[in-house]
Each structure stands twice: as structure tokens, then as C-alpha cells.
Amino acid sequence: MSANLSALFYLISGILFILALRGLSSPETSRQGNYFGIAGMIIAIIVTFLSIGNFGTGILYVFIFLIIGGSIGAFIAFRIPMTAMPELVAGFHSLVGLAAVFVAISAFLKPEAFSLGTVGNIHLASLVEMSLGGAIGAITFSGSIIAFLKLRGIMSGAPLTFKGQHIINLLLGLTIFFLIYYLCLSQSSYIFWSIVIISFFLGVLLIIPIGGADMPVVISMLNSYSGWAAAGIGFTLENTALIITGALVGSSGAILSYIMCKGMNRSFFNVILGGWGATDQKANQDNKEQKPVKNGNADDAAFLMKNASSVIIVPGYGMAVAQAQHALREMVDALKKNGVKVSYAIHPVAGRMPGHMNVLLAEANVPYDEVFELEEINNDFANCDVAYVIGANDVTNPVAKSDPQSPIYGMPVLDVEKSKSVLFVKRSLSPGYAGIDNDLFYRDNTLMLFADAKKMTEEIVKSL
Amino acid sequence: MEIDPFIFRLSIFILSIFVGYYVVWSVTPSLHTPLMSVTNAISSVIIVGAIISALAGSSESIFETSNIFGYLAILLAAVNIFGGFLVTQRMLQMYKKKKK
């Protein structure tokens, strides 16, 4: 296949990828969009084989690795519980990153295969592109591994900070650029390997200071990085499909990071520099006074909700941890039988990744047209009888609207306190991730339900 | 004067960033998780580079270091392609409308 023809086919697969993302504008078109994506991938792979033309026995191994990898991927995809999506996506990002590093290494070792020159005499532009692609890929890889370990709970979700951390990161970043420049002068393989190794370190250092609840930003950011790494390799290989995809994925991750930061009213740099909550928590414990709370049980909650005409459910990360989404759906079904109108309110940063709550609710067969975003539903709290907060905390804290001193001041929150009564399912009165006491606990119209989210919801179902 | 092909690729790249920007803003927030898993899957089109690396050189030299890195990259990208598209499909299958 001629280079021009294959370039046109790569363009087609790039367009199919755009259509795959376009499909996600509504759940109805999304499944079709996914097929476009699959078609684009198949075209890209077949065209690659055809453009190589004469392949020797190597093709056998290509298929063996393709089948092994594909089976592992398929196995994971079918077995993974929906609550584990954040760590799955983090894990997948690390694979893209490492694949980019491997391709960059391979291109450096055998530039003639990609017509980039010869060993020791690689075109300068290609050298810059492959080392940038490799460096970003390495950062994506090690950063995603840390994110994965934190999300999986293997590593503590607490921010890990030490003195001079940001300066070290900055120096490492500058070193990478300096080495790329030096690589262009010397073509030395030692320099190339140094770039890769320093980038691995930088990836680790970038993610360890970021705490558990900031993971939505981290995952989006790593998503973006994996795109830029792919684009870097795309420039090296002069491949349109890779360039288009890299740009799409890069901007997609960047937009998601922006949406997540806005959901927390924090700047991107504030999140990246990390360490939020580590200092605030101590200050809070000092002036902690015992304030009275109203304590309720499942029967109280069932009574309140049964007699309500509308109920809004506010799920959060705690619901995912307790796997309470199915019990929740049963509760809602029972309420609906009683003629109660039920809807769900989702805060942009609820859960550990963008849209995490929506997937869990969809898994529990909650129709997506009963699930609303913050802006869509926030005015409805004033007319609602009961708000059922399950596993959410900071995103309901009215302090964000009233106290300019609070670290979460200005963060958009759900106006839960405006509903006639609030049922708050929580294991204890401990503050949320931001380390701030939630004012909502002590309000007259709040009934605290101290229990595991799943157990409490199941008990409510029983008494309904 | 002839235009460097690099400029063409750069143009494609920048235009694609704009396309990506507008397309992603139109994605409904409830599908942000599938968006992440599908972008993950499509970024594994890097397998194209992996295949070229793996098959580079003559038949006698299919296990040089550069080829081995190619094979490994194929393995990683394949996990992602199959895993990414299938898990996206599994998620999208769950999104249902209210039964009227």
C-alpha cells in the first residue's frame, strides 16, 4: 500500500475516533459512537500491516502478543466491578504511557525502520518528538501507577508532602528539557535513557502530594498526558491517526480536569501542588465543640420519606465504597410505589472520577433521565421534602456559601439544607476530605443516620 | 518555497485540538466516565507504532532489542484496546431511559 493511500486511511480512522467522542453527547448515540471507535482502530491496524507489506516470521509473534494482550484486556473488562472504574482507568493510562515509552525507545534504537535517519544520526525534529513523547509517556506511566495504588487503597490516599518538593519537581522538569537539547547535540543513548528514567521519577513525585479526593483531577490530567504522549509519538512516526487521536485525548483530559477543578473552586495549580486538608484538619480539631445532633434510625427515615411527596438523593463516594447503589435503587422503587417523586442530584466531583456516580446508578438500573447535574437540580431542593445524602459530605456543606474563611468557600455545593428535612447517612461525625466540619449535621432539619450506607438503606427498605 | 511536511502535521494537530475541544464540551456529564475509558482505548492507536517497531528489520533479526520493545508495546496497547472498548461498551449498555 502506498504511503499516500495509507495516510488517507489513517485520516479516516482519525475521523472515526472524533465520531466516537461525538456519540457520547447523549446516551442514545453513545453505543453507536463506540462502534465507530472500534472501526477506526481496526482500520488503523489493518492499514499498518498492509503498508509494511512484506513481513517475515515476526508477524506470528505480533499476533501472539496481540491475542495475549487482547484476552487480558477482555477478561479485565468483563470482570471489573463498576465501583473499581477509577483504578481501572488509572491502570489503563499507565499502559498507554508505557507503550509510548517502548515505541520511543524502539524508534531511537532503530530509526531506519521509521525512516527517521540512522543510529547516531537521527533527524533533530524526530529526536525532539520521540524524546518528548517518551518523557510524557514515562510521566504518565509512573504517575498513573501511583494514582492506581492510591485508588486501590494499597497506598494511603493521604497527600505525601515534603520540603522542597515543588522545587525538586521543577528542577527535574528543567533537567528533562536540558537533556533533550543535549541529546540533539550528541545523539548519545545515555542521555536518551536518562530522560526516560528521570521522567519516571518525575511522574511519581508529581502524584504523591495529591490527596484521595482530588483523584478526579489527577485521573483527568493523566488522561490528558497520555494523549500528548501519543501525539508526540504520532509526530515521530508521521502518522495522522496518532496525531489526531493524541490531540483529541489531550484536550479531552484537559477539559475534564478543568471541569473538576471548577467543581471544587480550586485552580489547577492548587490541586497539582497538593497537600490540601493536611494543615486544615489540625486547626479544626482544636476548636471542636460538642454541638447537639439529631440522631435517627431506619424507621424514622422510612416514615419521613414515605410521607414525602418528593425526595432528592445525593450520592457520594461513600455510596461507592459501601456498594450501596443497588440497595438504594430498591429503596427508590419502594418509595415510587408509595407515589413519591424521586430524583438524584450529582455533584461534579462526587466520587473518584468524572461521572463515577452516574455509572454506578446506571449499573443499578436507575434510568439516566432521573439523574441530574448540580445546575439542573439545585433550585429544586427548596421545593423538596426530603434530601437523602448517602456517602457525600463536603459537596453539601453550606459553609462553602457563608464562610469566606473556609477552605472550601466558593465551591459550588448542592443546596441540600433548603429541603424540608435532610437525612444524612454517615458512619460518624468525622469531617470529610477537606477536613472541615459540616454545618449541616447540626441543623434543626437534619436527621443523622449513623450507619454503613448499604446497611442503613437496606433497613429503610425493610421498614418501608 | 516548499512547505515542510511538519507544518502540515502541526496544522492537523492544532485543528484536532480545536475539534476535540468542541466535541468534548458537548459530551454530557453523565457520560464522563465512558469518555475517559474510550479516550483511553483510542489513544492505544499507538499500537500502530508498536507494530512497525516489532516488524522492523529482516526475518533473521526478529528478536533484536528494538523488536522486543515493539512486541511489549503491542501487548500493552492490546490490553488497552480490548479492555477500553469492551468496558466502555459494558458501561454504555447500562444507561437506560425510564420505562414509560
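### Digging into the overall build of chain B
A tally of helices and strands in chain B yields four helices and zero strands. If you list the helices and strands of chain B from N to C, you get α-α-α-α. Taken over the C-alpha trace, chain B has a radius of gyration of 19 Å; the compact-globule value for 100 residues is 13 Å, which it surpasses by more than 25%. C-alpha extents for chain B along the principal axes are approximately 65 × 45 × 15 Å. Taking the intrachain contacts of chain B between residues at least 6 apart in sequence as the baseline, contacts between residues at least 24 apart amount to 63%. When the accessible surface of chain B is totalled, it reaches about 4,300 Å², and 70% of it is carbon and sulfur. Charge separation in chain B, taken as the distance between the mean sites of 7 positive and 4 negative side-chain charges, equals 47 Å.

### Considerations on the nonpolar core
Among the nonpolar cores identified, the biggest contains 182 residues, and Met 305, Ile 313, Leu 328, Phe 381, Tyr 388, Val 416 and Ile 460 of chain A are the most heavily contacted of them. For this core, the leading source of residues is helix 4 (residues 85–109) of chain A, giving 16 residues.

### Quick look at empty space enclosed by the protein
Taken as a whole and assessed by the stated rule, the structure comprises one cavity of 30 Å³ or more. In this model, the largest cavity occupies a volume close to 50 Å³. Lining the largest cavity, in full, are Asn 358, Leu 361, Ala 362, Val 366, Pro 367, Tyr 368 and Val 371 of chain A together with Ser 30, Met 94, Tyr 95 and Lys 96 of chain B. Sorting elements by how many residues they give to the lining of the largest cavity places helix 15 (residues 356–363) of chain A first, with three residues. Residue composition of the lining of the largest cavity, by class: eight nonpolar, two polar and one charged.

### Examining the sheet that holds strand 3 (residues 310–315) of chain A
Residues and elements named next belong to chain A. On the basis of which strands lie adjacent, the open sheet formed by six strands has the order 5-4-3-6-7-8 and parallel pairing. Each edge of the open sheet carries a strand with a single partner, namely strand 5 (371–373) and strand 8 (446–450). Neighbour to neighbour, the strand axes of the sheet diverge by 25° on average, direction disregarded. One ladder, built from three bridges, connects strand 4 (residues 341–346) with strand 5; its direction is parallel.

### Concerning the interface of chain B and chain A
Where interface size is quoted, it is often the accessible area lost as the parts come together. Each partner contributes residues to the interface: chain B has 81 residues there, and chain A has 105 residues. Scanning the region where chain B abuts chain A turns up two salt bridges. Here Arg 9 of chain B and Glu 238 of chain A are joined by a salt bridge, their closest N and O atoms 3.5 Å apart. Taken together, the links from chain B to chain A amount to 21 residue pairs in polar contact (both at pLDDT 80 or more). The set of elements that each furnish at least two residues to the side of chain B that touches chain A consists of helix 1 (5–25), helix 2 (32–43), helix 3 (47–55) and helix 4 (65–94) of chain B.

### Notes on the environment of Val 204 of chain A
Residues and elements named next belong to chain A. Inspection of the secondary structure puts Val 204 in helix 7 (residues 189–207). Classification of Val 204 by relative accessible area gives partly exposed; the value is 28%. Look past the residues within four positions of Val 204 in its chain and what remains in contact with it is Ser 142, Gly 143 and Ile 146.

### Focus on the pattern of salt bridges
Residues and elements named next belong to chain A. Enumeration according to the criterion identifies eleven salt bridges over all chains in this entry. The salt bridge involving Asp 385 is made with Lys 420; its shortest N-O contact spans 3.0 Å. Here the residue Asp 385 occupies a position in the loop between helix 16 (374–377) and strand 6 (386–390), and Lys 420 occupies one in the loop between helix 17 (399–402) and strand 7 (421–426), the gap between them amounting to 35 residues. Since its relative accessible area comes to 15%, Asp 385 is described here as buried. Through salt bridges with shared partners, a single network forms among Lys 401, Asp 415, Glu 417 and Lys 418.

### A few points about the packing of aromatic side chains
Throughout the structure, instances matching the rule amount to 19 aromatic pairs over all chains. For the pair Tyr 61 of chain A and Phe 63 of chain B, a centre-to-centre distance of 4.8 Å together with 70° between the ring planes defines the contact as edge-to-face. Here Tyr 61 of chain A is found in helix 3 (residues 58–79), whereas its partner Phe 63 of chain B is found in the loop between helix 3 and helix 4 on a different chain. Between Phe 441 of chain A and Tyr 442 of chain A, the ring centres sit 6.1 Å apart and the planes meet at 70°, which makes this aromatic pair edge-to-face. Overall, Phe 441 of chain A belongs to the buried group, its relative accessible area being 0%. You can call Tyr 442 of chain A buried: its relative accessible area is 17%. Above the face of the Tyr 317 of chain A ring, Arg 352 of chain A is positioned so that its terminal group lies 3.6 Å from the ring centre.

### Considerations on the pairing of strand 4 of chain A
All names here are of chain A. Summarising burial for strand 4: five of the six residues are buried, a large majority. With four bridges connecting them, strand 3 and strand 4 associate as parallel partners. Residue pairing across strands places Ile 313 opposite Tyr 344, the latter belonging to strand 4. Remark: the strand 4/helix 15/strand 5 crossover connection has right-handed handedness.

### Focus on a nonpolar patch on the surface
Residues and elements named next belong to chain A. A surface patch of nonpolar side chains, amounting to about 920 Å² of accessible area, comprises Met 1, Leu 5, Leu 8, Phe 9, Leu 11, Ile 12, Ile 15, Leu 19, Ile 42, Ile 46 and Leu 50. If you list the elements that add at least two residues to the nonpolar patch, you get helix 1 (3–23) and helix 2 (27–52). Among the elements that line the nonpolar patch, the one with the most residues is helix 1, at seven residues. Looking at where Ile 46 falls in the secondary structure, it is placed in helix 2. A relative accessible area of 45% means that Ile 46 is categorised as partly exposed.

Conventions and cut-offs
Residues numbered from 1 in each chain as written. Chains lettered and ligands numbered in written order. Predicted model: local features only at pLDDT ≥ 70, side-chain atom pairs only at ≥ 80, totals over all residues. Heavy atoms only, no water. Helix = DSSP H or I, 4+ residues; strand = E, 2+ residues; numbered from the N terminus. Rg over C-alpha atoms; globule rule 2.2 N^0.38 Å. Contact = heavy atoms within 4.5 Å. Areas by Shrake-Rupley, 256 points an atom, 1.4 Å probe, with all protein chains shown as cover. Lys, Arg positive; Asp, Glu negative; His and termini not counted. Charge placed at Lys NZ, Arg CZ, Asp CG, Glu CD. Core = buried A, V, L, I, M, F, W, Y, C linked by side-chain atoms within 4.5 Å. Buried < 20%, exposed > 50% of the residue type's maximum accessible area, 1.4 Å probe, protein only. 1 Å grid on protein atoms, 1.4 Å probe; cavity = no way out; pocket = protein on both sides within 12 Å on 5 of 7 lines; lining within 4 Å. Points joined across faces, edges and corners; volume = space filled by probe spheres on them. Nonpolar A, V, L, I, M, F, W, Y, C, P; charged D, E, K, R; others polar. Pairing = 2+ DSSP bridges. Axes fitted to C-alpha atoms, helices over the stretch in contact; angles between N-to-C directions. Salt bridge = Lys/Arg side-chain N within 4 Å of Asp/Glu carboxyl O. Polar contact = N/O pair within 3.5 Å; in protein donor to acceptor, adjacent residues only side chain to side chain. Phe/Tyr/Trp six-rings, centres within 6.5 Å; stacked < 30°, edge-to-face > 60°. Lys NZ or Arg CZ within 6 Å of the ring centre and 35° of its normal. Right-handed = clockwise from strand over helix to strand, strands pointing away. Patch = residues over 30% accessible without salt bridge, like charges linked within 9 Å, V, L, I, M, F, W, Y side chains within 5 Å.

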